[in-house]
Amino acid sequence: MQNFIYDIDTKIYFGKNQLDNLIIELNNLGAKKPLIVYGGGSIKANGIYKKIIMLLKSAGLLWEELAGVQPNPRVETVEEGIKICREKNCDIILAVGGGSSIDTAKLIATAVFYPAEAWDIVKAPNKIVDALPIITVVTMAATGSEMNTIAVISNMKTKEKIGTRHPLMRPKVSFLDPTYTFTVSRYQTAAGVVDIMSHVLENYFSRYRASFIQDKMCEGLLQACIKYGPIALQTPNNYEARANLMWAASWAINGSLSLGKADPWSCHSIEHQLSAYYDITHGVGLAIIIPHWMEYVLKEETLDKFYEYGTNVWNIDAGLDKESVARLAIAKTRQFFSALGMPEKLHELDVSETYFEEMSEKAATLALKTAYVALSSEDINKIYRAAL
């Protein structure tokens, strides 16, 4: 039954040169001293950092910086950002980069009001009471964090990677200029396409069958990735391809596709353990796990959905028997990820079976008994081993 509240309180500036409106939005939010959160040196190499600093100087604003955010962002980096905010009286967080920088910003914005360790609110977001406003400048199409309430943070000491959420984590404003993604590497572009598709697939394969409109949206977004992913790899400066991927990334996980559904996400729970234990790129891990998960959950009760997936997304001949269509769809999924340059097996990333039992136990605690197909720790262990 579809029964929900829909509210996306993020203002989007989409297209070329939209960052020119940054000062307007900083003023609207009453900002006096932003904390700029970013990763490596890419935003300095491509000129984005220079433009932001020029805009801040022209407006007479002071700022602080937190650089060096990791691809799987660490809670220690969050704590460093909290310290800067408190000591320097920062009143807004400006996240520049991909999902890692944005997720780090979200935790800083909320944890700065929390008196104990930030990891506490990662595990128990109900403890969040307030947040600094967040503005994002997106440089990679992947996580969709610029338009949602979710943050994923890693604790390498405890080997945990946890996705947490709270309404106060939703950015107030996000700038999406597809030209900022032109310089993203081939590898990261491909991983981003997989990440986008994974978010859509987690919503598409659902126990709730009454969400016809959301499923059609899912199919359209998947086909956009299938069409434009290879084009972006072949011609990195293709604006149409980059723009469609960037917009697909936002809509894949802004909450619209999950309306009327409540399935826990299986592949993300399984992959998060890989990232936590082996520090691999999230999209790369998903490219390996998704086809193996599909093969494992293909059963009589899921056959109809896989048939829809095959005929509506991959345009497989609807006249074939349902099982043939389903297996072809899984094969095409694997082949597409491989064509993007993604590995097909975990051993290609130097992953061994050493921690599989431990990882499976952790993944199984994440409500997967009520997932699209219920998964126990034993089931997850089998998926890991099949993917090895």
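Residues numbered from 1 in each chain as written. Predicted model: local features only at pLDDT ≥ 70, side-chain atom pairs only at ≥ 80, totals over all residues. Heavy atoms only, no water.

Undergrad: It is not clear to me how the overall build of the chain should be interpreted in this structure. Could you clarify?
TA: Along the backbone of the chain there are 15 helices and eight strands. Computed over the C-alpha atoms, the radius of gyration of the chain is 20 Å, within 12% of the 21 Å expected from 2.2 N^0.38 for a compact globule of 388 residues. Taken along its principal axes, the extent of the C-alpha atoms in the chain is 65 × 45 × 45 Å. When burial is assessed residue by residue, the chain has 58% of its 388 residues classed as buried. Carbon and sulfur atoms make up 52% of the accessible area of the chain, which totals about 15900 Å². Averaging the coordinates of the 39 positive side-chain charges in the chain and doing the same for the 43 negative ones gives two points 4 Å apart. (Helix = DSSP H or I, 4+ residues; strand = E, 2+ residues; numbered from the N terminus. Rg over C-alpha atoms; globule rule 2.2 N^0.38 Å. Buried < 20%, exposed > 50% of the residue type's maximum accessible area, 1.4 Å probe, protein only. Areas by Shrake-Rupley, 256 points an atom, 1.4 Å probe, with all protein chains shown as cover. Lys, Arg positive; Asp, Glu negative; His and termini not counted. Charge placed at Lys NZ, Arg CZ, Asp CG, Glu CD.)

Undergrad: Would you mind going over the packing of helix α11 (residues 282–297) against helix α15 (residues 377–387) with me for this structure?
TA: In a packed pair of helices, the relevant descriptors are the angle between the two axes and the axis-to-axis distance. Their axes nearest at 9 Å, the elements α11 and α15 cross at an angle of 125 degrees. With respect to their mutual orientation, α11 and α15 come out oblique. In the packing of α11 onto α15, the handedness of the crossing is right-handed. Contacts between α11 and α15 involve I288, I289, H292, W293 and Y296 on the former and, on the latter, D379, K382, I383, Y384, A386 and A387. (Axes fitted to C-alpha atoms, helices over the stretch in contact; angles between N-to-C directions. Parallel < 35°, antiparallel > 145°, perpendicular 65-115°, else oblique. Left-handed = near helix turned anticlockwise from the far one by under 90°. Contact = heavy atoms within 4.5 Å.)

Undergrad: What exactly am I supposed to notice about unusual backbone geometry here?
TA: Located in the positive-phi region is N17, a residue other than glycine, with phi close to 65 degrees. Tracing the backbone shows N17 in the loop between β1 (11–14) and α1 (22–28). A positive phi angle, close to 55 degrees, is found at K159, a residue other than glycine. Within the secondary structure, K159 is located in the loop between β6 (150–155) and β7 (160–165).

Undergrad: Sorry if this is basic, but what is going on with the packing of aromatic side chains here?
TA: Two measures describe an aromatic ring pair: the distance that separates the ring centres and the angle between the ring planes. A complete count under the given rule lists 16 aromatic pairs for this structure. Ring centres 5.8 Å apart and planes at 75 degrees place the aromatic pair F205 and W293 in the edge-to-face group. One end of the pair, F205, is in the loop between α7 (186–204) and α8 (212–234); the other, W293, is in helix α11, and 88 residues separate them in sequence. W293 gets classed as buried once you look at its relative accessible area, which sits at 4%. When the centroid spacing of 5.5 Å and the interplanar angle of 70 degrees are considered together, the rings of F205 and Y309 count as edge-to-face. With F205 in the loop between α7 and α8 and Y309 in helix α12 (residues 303–313), the pair connects residues that are 104 residues apart, well separated along the chain. Comparing F205 with Y309 shows no difference in burial state: the two are buried. One aromatic cluster is present, built from ring pairs that chain together Y204, F205, W293, F306, Y309 and Y372. Residue placement shows K44 over the ring face of Y49; its charged tip is 4.8 Å from the ring centre. (Phe/Tyr/Trp six-rings, centres within 6.5 Å; stacked < 30°, edge-to-face > 60°. Lys NZ or Arg CZ within 6 Å of the ring centre and 35° of its normal.)

Undergrad: Would you take a moment to explain the packing of α7 against α8 for this structure?
TA: Between α7 and α8, whose axes approach to 9 Å, the crossing angle comes to 170 degrees. As summarised for this structure, α7 and α8 are arranged roughly antiparallel, according to the angle between their axes. Only D215, C218, E219, L221, L222, C225, I226, G229, A232, L233 and Q234 of α8 make contact with α7, whose side of the interface consists of R186, T189, A190, V193, I196, M197, V200, L201, N203 and Y204. In terms of residue class, the contact of α7 with α8 is made up of 14 nonpolar, four polar and three charged. (Nonpolar A, V, L, I, M, F, W, Y, C, P; charged D, E, K, R; others polar.)

Undergrad: Any chance you could explain the sheet that holds strand β5 (residues 134–138) here in plain terms?
TA: Backbone-to-backbone hydrogen bonds pair the strands of a sheet. The strands run either parallel or antiparallel. Spatially, the six strands line up as an open sheet ordered β1-β8-β5-β4-β2-β3, and their pairing is parallel. Every other strand in the sheet has two partners, leaving β1 and β3 (64–66) as the edge strands with one partner each. On average, adjacent strands in this sheet sit at an angle of 15 degrees to one another, irrespective of strand direction. Pairing between β1 and strand β8 (residues 173–176): four bridges, direction parallel. Residue pairing for β8: K11 is matched across the bridge by V173. (Pairing = 2+ DSSP bridges.)

Undergrad: I tried to follow the side chain of K261 on my own but got confused; where do I start?
TA: Following the sequence through the fold, K261 ends up in the loop between α9 (239–252) and α10 (266–278). At a separation of 2.6 Å, a polar atom in the side chain of K261 contacts the side chain of D215. With residues near it in sequence (within four places) discarded, K261 still touches N203, Y204, S206, Y208, S211 and D215. (Polar contact = N/O pair within 3.5 Å; in protein donor to acceptor, adjacent residues only side chain to side chain.)

Undergrad: In this structure, what is going on with the side chain of H282? I would like to understand it.
TA: Residue position: H282 is located in helix α11. In this structure H282 comes out as buried when scored by relative accessible area, which is 14%. Apart from residues lying up to four places away in sequence, H282 is in contact with K161, D195, H268, E271, H272 and S275.

Undergrad: It is not clear to me how α8 should be interpreted in this structure. Could you clarify?
TA: Residues lying three or four places apart along an α-helix face the same way, a consequence of the helix completing one turn every 3.6 residues. The first and last C-alpha atoms of α8 sit 34 Å apart over 23 residues, in line with the 33 Å expected at 1.5 Å per residue. The principal kink in α8, of about 30 degrees, is found at Y228, preceding the proline P230 by one to four residues. (Expected span 1.5 Å × (residues − 1). Bend = angle between axes of the 7 residues up to and from the residue.)

Undergrad: Help me understand the environment of V351, please; the structure alone is not making it clear to me.
TA: Within the element layout of this structure, V351 appears in the loop between α13 (322–339) and α14 (356–364). Take V351: its relative accessible area is 4%, and that puts it in the buried class. Residues V351 and L388 lie 37 residues apart in sequence; the distance between their C-alpha atoms is 7.5 Å. Leave out the neighbours within four places in its chain, and V351 touches L274, Y278, L346, F356 and L388.

Undergrad: What's the story with a nonpolar patch on the surface in this structure? I'm lost.
TA: The grouping of F212, I213 and M217 at the surface amounts to a nonpolar patch, some 330 Å² of accessible area in total. By the element assignment, I213 lies in helix α8. (Patch = residues over 30% accessible without salt bridge, like charges linked within 9 Å, V, L, I, M, F, W, Y side chains within 5 Å. Salt bridge = Lys/Arg side-chain N within 4 Å of Asp/Glu carboxyl O.)

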